[in-house]
Amino acid sequence: MTDRITHSCICEMLGIETANVPVERVAARFEPSTGLLDRAQAGWERFLDTFEGASNE
């Protein structure tokens, strides 16, 4: 058994009439933007810089 929380469930719980609430749709993007990739790369490099070099022990 799976319980799903839907837009209409939330509206019902809050006492909002669903006929008056528009449902927004979001366009899916299938690939990340260049800016996102640049920020991810910079973050990854900062993360790697937190490690010290391998010890010779």
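Attention in this report is confined to the structure presented alongside it. (Residues numbered from 1 in each chain as written. Predicted model: local features only at pLDDT ≥ 70, side-chain atom pairs only at ≥ 80, totals over all residues. Heavy atoms only, no water.)

1. Side note on the overall build of the chain
Counting its regular elements, the chain contains two helices and zero strands. Counting across all 57 residues of the chain, residues that qualify as buried make up 2%. About 6100 Å² of surface is accessible on the chain, with carbon and sulfur atoms providing 55% of the total. (Helix = DSSP H or I, 4+ residues; strand = E, 2+ residues; numbered from the N terminus. Buried < 20%, exposed > 50% of the residue type's maximum accessible area, 1.4 Å probe, protein only. Areas by Shrake-Rupley, 256 points an atom, 1.4 Å probe, with all protein chains shown as cover.)

2. Quick notes on the packing of aromatic side chains
Considering all chains together, one arrives at two aromatic pairs under this definition. Look at Trp44 and Phe47: their rings are 5.4 Å apart centre to centre, the planes differ by 35°, and that puts the pair in the tilted class. Of the two residues, Trp44 and Phe47 are both situated in helix 2 (residues 34-49); the distance of three residues between them amounts to about one turn of the helix. Judged by its relative accessible area of 40%, Phe47 is partly exposed. Ring geometry for Phe47 against Phe51: centres 5.1 Å apart, planes inclined by 90°, an arrangement best described as edge-to-face. According to the relative accessible area criterion, Phe51 is exposed, its value standing at 52%. Ring pairs connect the aromatic residues Trp44, Phe47 and Phe51, which therefore count as one cluster. (Phe/Tyr/Trp six-rings, centres within 6.5 Å; stacked < 30°, edge-to-face > 60°.)

3. Brief notes about a nonpolar patch on the surface
Side chains of Ile5, Ile10, Met13, Leu14 and Ile16 sit close together on the surface and give an oily, nonpolar patch of about 550 Å² of accessible area. When you line up the elements, Ile10 lands in helix 1 (residues 7-14). (Patch = residues over 30% accessible without salt bridge, like charges linked within 9 Å, V, L, I, M, F, W, Y side chains within 5 Å. Salt bridge = Lys/Arg side-chain N within 4 Å of Asp/Glu carboxyl O.)

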